[in-house]
Amino acid sequence: MTVSKRIREMEESITLKAAAKAKALKAEGRDIISLTVGEPDFPTPVHIREAAISSIKNGSASFYTVASGLPALKTAISSHFETFYGYSLEPNQIVAGTGAKFILYAFFMAVLDPADEVLIPTPYWVSYADQVKLAEGVPVFVESTESNAFKVTVDQLEAARTDKTKVILLNSPSNPTGMIYSRDELEGIGNWAVEHGILILADDIYGRLVYNGNTFTPISSISEAIRQQTIVVNGVSKAYSMTGWRVGYATGNPEIISSMAKMVSQTTSNLTTAAQYAAIEALEGAQDSVEEMRQAFEERLNTIYPLLSEVPGFKALKPQGAFYLFPDVSEAMAMKGFTNVTEFTDAILEETGVALVTGDGFGAPHNVRLSYASGLDTLKEAVHRLKAFMEMD
Ligand code: PMP
Ligand code: GLU
């Protein structure tokens, strides 16, 4: 075997795998509705695309930039933080990179020594655990349940804490559950982390996608002590519909940030220069399209959630943010004679043409994930097919 143990032990991203499978079946001519990958279905707003085009035309996009990102991008990120987080940042507190996904990996590489533990509340986004393992850390899963709205408590975290615990990862609003931690809950977790010297990794990427009067509190905005302990990861993929541009960034402690920048400099070099110009315009330009897209997601959620609740055996909490529904399908599986959620998801695809993501990769063996970042008619048709499938003998 010539392939490394490291890669052999790594899982392929199941979200991307499910999306690729749906695309391949579609290309074969099958009638497939893909609710797999989490990406907005809107084109990137025109003024953002224009900014990148100008940077290409005037030649400024031709060259490398400083590995951690253009000074103008850091200024834009800092003013964005002033508006949405209530504090500003120095340039040495910011590193930009090729998507929030790579930035997360750079973080784990920068802070973990072998055997260091990262507390990851379940259900969790698919890439966290494998990235921690790649950095020779140990993911420690802390189970949340639907009865606690898929949120972990300080008591649970304390029970999981050891002298190897280095990081607590928080993703609120959450992919895949859509749940948001309240200010009080975050304050409790933040103070606990400060007390024990545990770093907080706050993946805030869905922070601007919240619905029906729910609000997002960034944990780093709660107190100076908590902010000192937190690295925030964010990006433009979700809020600005810019998944293809691959722009992510992290902010916080300068020593950790410069270590992440070292990782960037030795792996990807700077984030693609034209994409940096696009991100500057996204963060500094008109924000109307963010609100328009948010409203579209809200309408979809409010339309599709009650319809999904009518599908026999599908039981979902109503999400507060992000763009996923994450129903518990234990009853549906029992009705159809399945015990394994991946096999059940495959059967749904085979029988109905609706592509979902199995909960297995999220640490949730009783759930499936539907992304509602698709048009309303498509979503209605998908749920209609699921209902017909479940009602069929
Ligand atoms: N964190 C979470 C929770 C996500 O869902 C995603 C989506 N891919 C990312 C990070 C990474 O986003 P990107 O790499 O597109 O910036
Ligand atoms: N975060 C998105 C998702 O969960 C994009 C795919 C990925 O990066 O895994 O579907």
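Just so it is clear, the model here is predicted, and its values are computed rather than measured.

Engineer: Run through the packing of helix α5 (residues 99-111) against helix α6 (residues 127-134), naming residues and quoting values.
Structural biologist: Contact geometry for α5 and α6: axes closest at 9 Å, N-to-C directions at 40°. Crossing geometry of α5 relative to α6 is assigned as right-handed. Contacts between α5 and α6 involve Lys 101, Leu 104, Tyr 105, Phe 108 and Met 109 on the former and, on the latter, Ser 127, Tyr 128, Gln 131, Val 132 and Leu 134. The residue makeup of the contact of α5 with α6, split by class, is seven nonpolar, two polar and one charged.

Engineer: Just give me the short version of the site of ligand 2, but keep the residues and values in it.
Structural biologist: Near ligand 2 you find Ser 13, Thr 15, Leu 16, Val 37, Gly 38, Lys 101, Trp 125, Asn 175, Tyr 206, Lys 238, Tyr 324 and Arg 369, and these make up its full shell. With respect to ligand 2, the side chain of Lys 238 contributes an N or O atom lying 3.2 Å from a nitrogen atom.

Engineer: Help me get a handle on the site of ligand 1, residues and values and all.
Structural biologist: Neighbouring residues of ligand 1: 14 residues in total, closest Ala 100, Asp 203, Tyr 206, Lys 238 and Arg 246. Between ligand 1 and Ala 100, the relevant distance is 2.7 Å, taken from an oxygen atom to a main-chain nitrogen or oxygen of the residue. The separation between an oxygen atom of ligand 1 and a polar side-chain atom of Ser 237 is 2.7 Å. Protein coverage of the free-state accessible area of ligand 1, which is 390 Å², stands at 93%. Among the elements that take part in the shell around ligand 1, α5 stands out by supplying four residues, more than any other.

Engineer: Outline helix α11 (residues 273-284), listing residues and values.
Structural biologist: For α11, with twelve residues, the first-to-last C-alpha span of 17 Å sits near the 16 Å given by 1.5 Å per residue. Within α11, nine of the twelve residues are buried, which leaves it mostly tucked inside the rest of the structure. Every buried residue of α11 is accounted for by Thr 273, Ala 274, Ala 275, Gln 276, Ala 278, Ala 279, Ile 280, Ala 282 and Leu 283. The inward-facing, buried residues of α11 contact α3 (46-57), α4 (71-84) and β8 (247-251).

Engineer: Quick one: what's the story with the UniProt feature "domain: Aminotransferase class I/classII large" (unreviewed entry) in the protein, residue by residue and with numbers?
Structural biologist: As annotated in UniProt, the feature "domain: Aminotransferase class I/classII large" (unreviewed entry) corresponds to residues 31-386 in the numbering used here. Annotation note: span residues 31-386, helix share 42%, strand share 15%, distance between end C-alpha atoms 14 Å.

Engineer: For the side chain of Thr 15, give the residues involved together with the corresponding values.
Structural biologist: Position of Thr 15 relative to the elements: it lies in helix α2 (residues 14-27). Those residues in contact with Thr 15 that lie beyond four places of it in its chain are Val 126, Val 357, Phe 362 and Arg 369.

Engineer: Tell me about unusual backbone geometry, residues and numbers included.
Structural biologist: Both trends apply: most residues other than glycine have a negative phi, and most peptide bonds are in trans. Between Thr 122 and Pro 123 the backbone carries a cis peptide bond, its omega angle lying at -10°. Within the fold, Pro 123 resides in the loop between β3 (117-122) and α6. The step from Ser 172 to Pro 173 runs through a cis peptide bond, and the omega angle for that step is -5°. Mapped onto the elements, Pro 173 comes out in the loop between β5 (165-171) and α8 (183-196).

Engineer: How would you sum up the environment of Phe 102? Please name residues and give values.
Structural biologist: By the element assignment, Phe 102 lies in helix α5. A relative accessible area of 16% means that Phe 102 is categorised as buried. Between the C-alpha atom of Phe 102 and that of Arg 246, which follows or precedes it by 144 residues, the distance is 9.1 Å. Sequence-distant contacts of Phe 102, that is, excluding residues within four places in its chain, are made with Met 263, Val 264, Thr 267 and Thr 268.

Engineer: Got a sec to walk through the sheet that holds strand β7 (residues 230-235)? Specific residues and values, please.
Structural biologist: What links the strands of a sheet is backbone hydrogen bonding, and the strands pair in either a parallel or an antiparallel sense. Spatially, β2-β8-β7-β6-β5-β3-β4 is the arrangement adopted by the seven strands of the open sheet, whose pairing is mixed. Both edges of this open sheet fall to β2 (94-98) and β4 (138-143), since each of them pairs with a single strand only. Going across the sheet, the axis of each strand differs from the next one's by a mean of 25°, ignoring polarity. Where β2 lies against β8, five bridges are found, and the strand directions are antiparallel. Within β8, the position partnered with Thr 98 by the bridge is Val 247. In the packing of α4 onto the sheet, the strands contacted are β2, β7 and β8, and the crossing angle to β8 comes to about 65°. Most of the contacts of α8 go to β5, to which it runs at about 165°, and overall it touches β3, β5 and β6 (199-203).

Engineer: So, the packing of aromatic side chains: which residues are in play, and what are the values?
Structural biologist: Under the defined criterion, the tally for this structure stands at 19 aromatic pairs. On the basis of an interplanar angle of 75° and a centroid distance of 5.7 Å, the ring pair of Phe 326 and Phe 362 is categorised as edge-to-face. Placement of Phe 326 in the loop between β9 (324-325) and α13 (330-336) and of Phe 362 in the loop between β11 (357-358) and β12 (368-371) is noted, with a sequence separation of 36 residues between them. A relative accessible area of 3% places Phe 326 in the buried class. Classification of Phe 362 by relative accessible area gives buried; the value is 0%. Joined through ring pairs, the aromatic side chains of Phe 42, Tyr 206, Phe 297, Phe 323 and Tyr 324 make up one cluster. Of note, Lys 151 hangs over the ring of Tyr 181, and the distance from its end group to the ring centre comes to 5.9 Å. Taking NZ or CZ as reference, Arg 227 lies 3.9 Å from the ring centre of Tyr 87, over its face.

How each quantity is defined
- Residues numbered from 1 in each chain as written.
- Chains lettered and ligands numbered in written order.
- Predicted model: local features only at pLDDT ≥ 70, side-chain atom pairs only at ≥ 80, totals over all residues.
- Heavy atoms only, no water.
- Axes fitted to C-alpha atoms, helices over the stretch in contact; angles between N-to-C directions.
- Helix = DSSP H or I, 4+ residues; strand = E, 2+ residues; numbered from the N terminus.
- Left-handed = near helix turned anticlockwise from the far one by under 90°.
- Contact = heavy atoms within 4.5 Å.
- Nonpolar A, V, L, I, M, F, W, Y, C, P; charged D, E, K, R; others polar.
- Near = heavy atom within 4 Å.
- Polar contact = N/O pair within 3.5 Å; in protein donor to acceptor, adjacent residues only side chain to side chain.
- Areas by Shrake-Rupley, 256 points an atom, 1.4 Å probe, with all protein chains shown as cover.
- Expected span 1.5 Å × (residues − 1).
- Buried < 20%, exposed > 50% of the residue type's maximum accessible area, 1.4 Å probe, protein only.
- UniProt positions renumbered as here; feature names shortened; annotations may be inferred.
- Pairing = 2+ DSSP bridges.
- Phe/Tyr/Trp six-rings, centres within 6.5 Å; stacked < 30°, edge-to-face > 60°.
- Lys NZ or Arg CZ within 6 Å of the ring centre and 35° of its normal.

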